[in-house]
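Architecture and fold: a report
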Amino acid sequence: MSINQKRQLEEHLLNVANILRGKMNADECRDYILGFIFYKYLSEKIEVFANHILTQDEMQYIDIKEDTAEGKEYLEAIKEEALDELGYFLKPSELFKEIVRHSDRQGGSSFILGKLSQVLCNIEQSTIGTDSEDNFNKLFEDLDLTSSKLGRTEAAKNNIIVKILAHLDLIDLQLNKPNSNVIGDAFEFIISRFGSSSENIGEYYTPQAVSTILAKLVTTGKTHLKSVYDPTCGSGSLLLQVAKEVKVVSKFYGQELNQTTCNLARMNMILHDVHYRKFDIRQDDTLEHPQHLDLRFDVVVANPPFSISWRTNRLRLLDDRFNQYGRLAPRTTADIAFVQHMVHQLAESGRMAVVVPQRILFCSGAEGHIRQYLIEGKNYLDAVIGLPASIFYGASISTAILIFRKLRKHPNDILFINASTHYERINNQSILRPQDIEKIVTTYQNRLVENNYSYRASLTEIKENAYNLNILRYINTASPKATIDKATLSMHPLNQILYGPPGTGKTYKLQTEFIPQYTEAETKITREEYEQQIVDNLSWWEVIALVLSEKNNQTVPQIYEHRLLQMKSILSTNNNVRAVIWGQLQMHTKEDCKHVNFSRRADPLVFEKNEKSVWSIDSKLTSELIPDLFEIFTNIQRYKPDSTSRKNYRFVTFHQNFSYEDFIEGIKPSLNTSEDTTLTYTIQKGVFYQCCEEAVRLAKYTTLKECIQDDPKSRKERLTNAPAYAIFIDEISRANVSAVFGELITLIEEDKRLGAFHEVTDVVLPYSKDNFGVPINLHIIGTMNTADRSVEALDSALRRRFHFEEMLPKVELLPTPAEMVYELFWRHELVDWEKEPYLTAEKKIFAFTGISPDVTIRKKIIWEEMKKDKSRKRPVSDFFSDNNFAPAIDIKKLLFVINLRLEKLVSRDHQIGHAYFTKLRYSDDPYKTLKSIFQHNILPLLQEYFYGDFGKIGLVLGSDFVEKTGKPTDNIFADFADYDVTDLLERPVYRLKNAMEMDDPTFIKALQILLKIKPE
């Protein structure tokens, strides 16, 4: 098709769209247009087919007289041929052009709705009982000719339909011309055109550039394919794109959850002249009910929906698609579950390409475990290709393409390609140009290595990186000295919540894994930066005190000119700083000052004023009343810009009363001037506002205001290249998050942040009236306890904007008996093992672990061998065998059994975390420690979970942790003749036993009963 012909086609289609504009949404408009185009195609296709059959009879299909015996004979013969070859049948009178001919193009006065509805129904009915029935079933169900959106009256609806058909009649589908694809181009145009304004386009359409890359990568060196499969096929465009790259595809397979979208895919196949016997597109949930599970495919391609929820339960581990991995993808993010499904369906010699959000390249937890197994256990991953952000309609997140091959030609390395900066920006959308596509494909096909673009990482290197596939770990597009772990904004999702039951190590992970990544170990902080950090956290009167401590006897104008006051002024939203200085000085003036007549003074009272309005500070009194401030002043004076660590993070804990004012900005009482003693308010920045300012300071801005006022191009460059800053929010679910974030919740979205493609800079705060934005280098990382609130119960606005990483109890992290003895030896390496306190500790730990006598005899020999390994790199199993121990209580089994019961009685959100038990590793009295764990952690949690239902607590812990109290016959109630207390007297009263008061044998017996072990 020429460019001019394509332009004319698009004009006709847009004219049809204009008829429907304003009457319905984009998805509905798309369905009507594609439905009628499909009908037109089926009509012209069967007419061409029938005319070919009738060539020898020198007649046209349209000329057949349907009501004559001869005509019926012709129609029966053609119907038989058409059903076998085309899969459907239409009579001459049912053709698109005949319906149009019977309508009045000028006014739509000829009523055709009834006839048209019957024709569409007849198409589907003609396939009943044939091989093509499934492929044509319900294809026209979204073409509702009775919809009130077409018009209020039947005449109005008819008029709209007549106009649509008239415009479509002007389109020449060129079915008689070989290699013509007018109908395919029309379908693609409608899908993409209406998709860009549809909220749901990601569900059914993959941008053609991405489809082209996927197709080219999986067909390298191929000309014939037996099968191609897409488990989330949408409109089928990706399947058809694969077909364009080879000569023959024997059969297409696909599955799609949405019925309307599944219909689009089947239409798309037929419109692209794929025979009905050569495609099998089915509607259902791929993860829940896979429709092609017994088949294996030459090529598997997909662009699955990003980060959707799926159902996870223990039965999933019996599913062959997932059981070999040992863990399931998180229930809130099924991305890697789709990958597992696709790998399962891939033939041994097959190739697979899938689009994924980049977060699964580096997420830990279950996704990290599965990722490691795919690389280490299977070695199927062949390449990782990073794509530009905002390449998909309606999604601004960063994505990547993963290439898998079961029989890899290069099994010792994985190719990384960073194409994230190779694109063109058009209308806020990232567009891959032909040269960008060619570069990706050529680099992959030849496994080329290019500085700042591609890299072949050995499996050893990937293992050293803990199977983290973050592309920027391997391809550094920044300066050579950039530290990826600290400066990369993609290291973690911008908004992330670690969630799980109590005691699963969420806060510990923040402290040990996240916080170090936001700490610059060798950074020279200038004096100005240091003073700025100090001033930002001080009140006005404290800054004034520092100014006067440095240079006493100053007037208000002189105080105002001081560098510390200027810093505070820049950081403040107050427009009358001199008045603030004056008011703060008077408020904190000493009582005996004769030159200040101010009644509402507030501690500390340290300032003085003379008759010339010169202010001073009582240094001795300051050091006594506010020693912390005096220490700050001393530190400022002594500060030298030596290399030190910079903490690029802030830690805060949410609670029920945490508010918008605490988080964003609020007001507090203040007395501003000497003349006016009226109570007024000053604006105070909340912790999140402060973090936003700290983040922009890493990009060399002084304030958030300066950042927002900067040129957009400069702002993007500075924020993108700046180190990352983080706010860690512990127990994020304890506050009302919607109220805390307020209307600013949308600003934390990645594409709306300062420095992003769709940055928002015009939001005005209610108190200060200042513009506000969230910089792209600020990470929000929270933890939440699912025993307090489940993920599903969270506000939907929060769920949509955060990535959730589930952290469940891990019994494998609990110490083994061997590890406890190993730590015992190291803890006491410097003491005499023949004396106390070692002897008591050894006795208690040996009893707890059930250590065998031969190890007791050989302990000094073992210790001599251990001392040779001062770096402690050798595994514990080098010194102890599991056969050396027979503990009375297996703590791993103990935690597993308790959690199994809790999951049955409540939910998996209410399990007990492993973190409570880890202290056993270093305990000198394990039974005492375990009793403490039960008394102070487990028992309180169970009381909280079951609201005093001791029966259920007993089902978890067994009979020896719960006891009855009181005698049923004792009447403890006051006399009240009108109430019968007999039943109440018979009711048993329970209480929990105090584990700390049990001796060791009693405690062991209670635990054995819990585990259903017969006590000795």
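Residues numbered from 1 in each chain as written. Predicted model: local features only at pLDDT ≥ 70, side-chain atom pairs only at ≥ 80, totals over all residues. Heavy atoms only, no water.

What to know about the overall build of the chain
In plain terms, the rule: Each helix is a run of H or I in the DSSP string that is no shorter than four residues. Each strand is a run of E no shorter than two, and both are numbered from the N terminus. We call a residue buried when its accessible area falls under 20% of the maximum for its residue type, exposed when it is over 50%, and partly exposed in between, using a 1.4 Å probe and counting protein chains only. The contact definition used throughout considers only heavy atoms, calling two residues in contact when any of these lie within 4.5 Å. A 1.4 Å probe and the Shrake-Rupley method give the accessible areas. Residues count as covered only by the protein chains that appear here.
On a plain count of helices and strands, the chain comes out with 40 helices and 26 strands. A total of 1016 residues make up the chain; the buried ones form 53% of that total. A separation threshold of at least 6 residues defines the contact pool for the chain, and within that pool the share at least 24 residues apart is 72%. Accessible area of the chain: about 47000 Å², with a carbon and sulfur share of 48%.

What about the packing of aromatic side chains?
In plain terms, the rule: Put simply, two rings from Phe, Tyr or Trp (the six-membered ring, in Trp's case) pair if the centres are within 6.5 Å, and we call them stacked under 30 degrees between planes, edge-to-face over 60, tilted for the rest.
In this structure the tally under the stated criterion is 31 aromatic pairs. Ring plane angle 90 degrees and centroid distance 6.3 Å describe the contact between Y423 and F757, whose orientation is recorded as edge-to-face. Of this pair, Y423 sits in the loop between strand 8 (413-418) and strand 9 (424-426) while F757 sits in the loop between helix 30 (737-741) and strand 21 (763-764); the two residues are 334 residues apart in sequence, bridging distant segments of the chain. By relative accessible area, which is 28% here, F757 ends up partly exposed. Residues Y499 and F804 carry aromatic rings whose centres are separated by 5.9 Å and whose planes lie at 75 degrees to one another, so their mutual orientation is edge-to-face. A residue pair is termed long-range when its members are at least 10 positions apart, and Y499 in strand 12 (residues 495-500) and F804 in strand 24 (residues 803-806) qualify at 305 residues. Taking relative accessible area as the criterion, Y499 reaches 0% and is therefore assigned buried. The rings of F825, W826, W833, Y838, W863, F880 and F885 are connected pair by pair, giving a single aromatic cluster.

Looking at the sheet that holds strand 2 (residues 248-256)
Stated formally: Any two strands between which DSSP finds at least two bridges are classified as paired. For helices, the fitted line uses only the C-alpha atoms of the stretch in contact; every axis is such a line through C-alpha atoms, and the angle between N-to-C directions lies from 0 to 180 degrees.
Across the sheet, 9 strands lie side by side as 3-2-1-4-5-7-6-8-11; this open sheet has mixed pairing. Because the sheet does not close on itself, it has two edges, and the strands there are strand 3 (279-283) and strand 11 (454-458). In this sheet, neighbouring strand axes are inclined to one another by 15 degrees on average, regardless of whether the strands run parallel or antiparallel. Sheet analysis places strand 2 next to strand 3, joined by 5 bridges and oriented parallel. Across the sheet, the residue bridging to Q255 is R282, located in strand 3. Where helix 10 (residues 237-244) meets the sheet, it contacts strand 1 (224-230), strand 2, strand 3 and strand 4 (297-302), and its direction lies at approximately 165 degrees from that of strand 1.

Considering helix 9 (residues 208-218)
Along helix 9, 9 of the 11 residues are buried, which leaves the element largely enclosed by surrounding structure. Considered for burial, the residues of helix 9 that qualify are A209, V210, S211, T212, I213, L214, A215, L217 and V218. The secondary structure elements touched by the buried residues of helix 9 are helix 10, strand 4, strand 5 (346-357), strand 6 (381-386), strand 7 (399-405) and helix 14 (434-446).

Considerations on the pattern of salt bridges
Note that side chains of opposite charge can pair when their charged atoms are close. We apply this condition: Between Lys or Arg on one side and Asp or Glu on the other, a salt bridge is scored when a side-chain nitrogen of the former is within 4 Å of a carboxyl oxygen of the latter.
Inspection of the entire model under this criterion finds 54 salt bridges. The salt bridge partner of D618 is K590, with a shortest N-O separation of 3.1 Å. Of this pair, D618 sits in the loop between strand 15 (615-617) and helix 24 (619-625) while K590 sits in the loop between helix 23 (577-587) and strand 14 (607-609), and the two are 28 residues apart along the sequence. Residues D878 and R874 are paired through a salt bridge, measuring 3.2 Å at the closest nitrogen-oxygen approach. Accessibility expressed as a relative area gives 30% for R874, which makes it partly exposed.

Section: the side chain of N135
Put simply, the rule reads: Here a polar contact is recorded for every N or O atom pair within 3.5 Å, except that within protein the pair must consist of a potential hydrogen donor and a potential acceptor, and residues adjacent in sequence are included only if both atoms are side-chain atoms.
With respect to the secondary-structure elements, N135 resides in helix 6 (residues 133-136). At 2.8 Å, the side chain of N135 and the backbone oxygen of Y276 are in polar contact. For N135, the residues in contact, after removing those within four places along its chain, are R266, I270, Y276 and F279.

Focus: the packing of helix 2 (residues 26-53) against helix 3 (residues 69-85)
Note the cut-off: Any angle between 65 and 115 degrees counts as roughly perpendicular, while under 35 counts as roughly parallel, over 145 as roughly antiparallel, and the rest as oblique. Throughout, a crossing is termed right-handed when the near helix is turned clockwise from the far one, and left-handed when it is turned anticlockwise from it by less than a right angle.
At a closest axis distance of 11 Å, the pairing of helix 2 and helix 3 adopts a crossing angle of 125 degrees. Overall, the two elements helix 2 and helix 3 adopt an arrangement that is oblique. Judged by the twist between their axes, the crossing of helix 2 over helix 3 is right-handed. Touching I46, F49, A50 and I53 of helix 2 are I78, E81, A82 and E85, all from helix 3.

Overview of the environment of S235
On the secondary structure map, S235 appears in the loop between strand 1 and helix 10. Distance in space between the C-alpha atoms of S235 and L264 is 5.1 Å, their sequence separation being 29 residues.

Observations regarding the sheet that holds strand 20 (residues 725-730)
One open sheet accounts for 5 strands, arranged 17-20-23-12-24; its pairing is parallel. Whereas interior strands pair on both sides, the edge strands pair on one side only; in this sheet they are strand 17 (649-653) and strand 24. Strand after strand, the sheet turns through a mean of 20 degrees between neighbouring axes, direction not considered. By the bridge criterion, 6 bridges tie strand 12 to strand 23 (residues 778-785) in an arrangement that is parallel. The partner of N495 across the bridge, within strand 23, is I780.

So, the environment of D832
Note on placement: D832 falls in the loop between helix 32 (817-827) and helix 33 (838-849). In this structure D832 comes out as partly exposed when scored by relative accessible area, which is 38%. For D832, the side chain forms a polar contact with the main-chain nitrogen of E834, separated by 2.8 Å.

As for the nonpolar core
Inclusion rule: Nonpolar cores were defined as sets of buried Ala, Val, Leu, Ile, Met, Phe, Trp, Tyr and Cys residues, with membership established by side-chain atoms within 4.5 Å.
Grouped together as the largest cluster of nonpolar side chains are 109 residues, with contacts concentrated most on L13, F36, Y39, L42 and I401. Apart from the residues within four sequence positions on either side, I401 is in contact with I213, L214, L217, A353, V354, V355, A383, V384, I385 and L387. Core analysis: the next-biggest nonpolar cluster, separate from the first, contains 50 residues, Y689, L698, V740 and L747 among them.

Here's the deal with the state of the cysteines
Cysteine pairs can be linked by a disulfide, which is a covalent bond between their two sulfur atoms. Cut-off, in case you're wondering: Two cysteine sulfur atoms make up a disulfide if the distance between them is within 2.5 Å.
This structure, assessed with the given rule, holds 0 disulfides. Sulfur of C692: no disulfide; nearest cysteine sulfur belongs to C691 and is 7.1 Å away. Taking the relative accessible area as the measure of exposure, C692 reaches 0% and is therefore buried. Just so you know, C707 is unpaired, no disulfide at all, and the nearest cysteine sulfur is the one on C692, 9.8 Å from it.

Topic: a nonpolar patch on the surface
Put simply, the rule reads: Nonpolar side chains (Val, Leu, Ile, Met, Phe, Trp, Tyr) are joined into patches within 5 Å and like charges within 9 Å, using only residues with over 30% relative accessible area and no salt bridge.
A cluster of nonpolar residues, I667, I683 and Y767, forms a patch on the protein surface that exposes about 230 Å² of accessible area. Y767 gets classed as partly exposed once you look at its relative accessible area, which sits at 32%.

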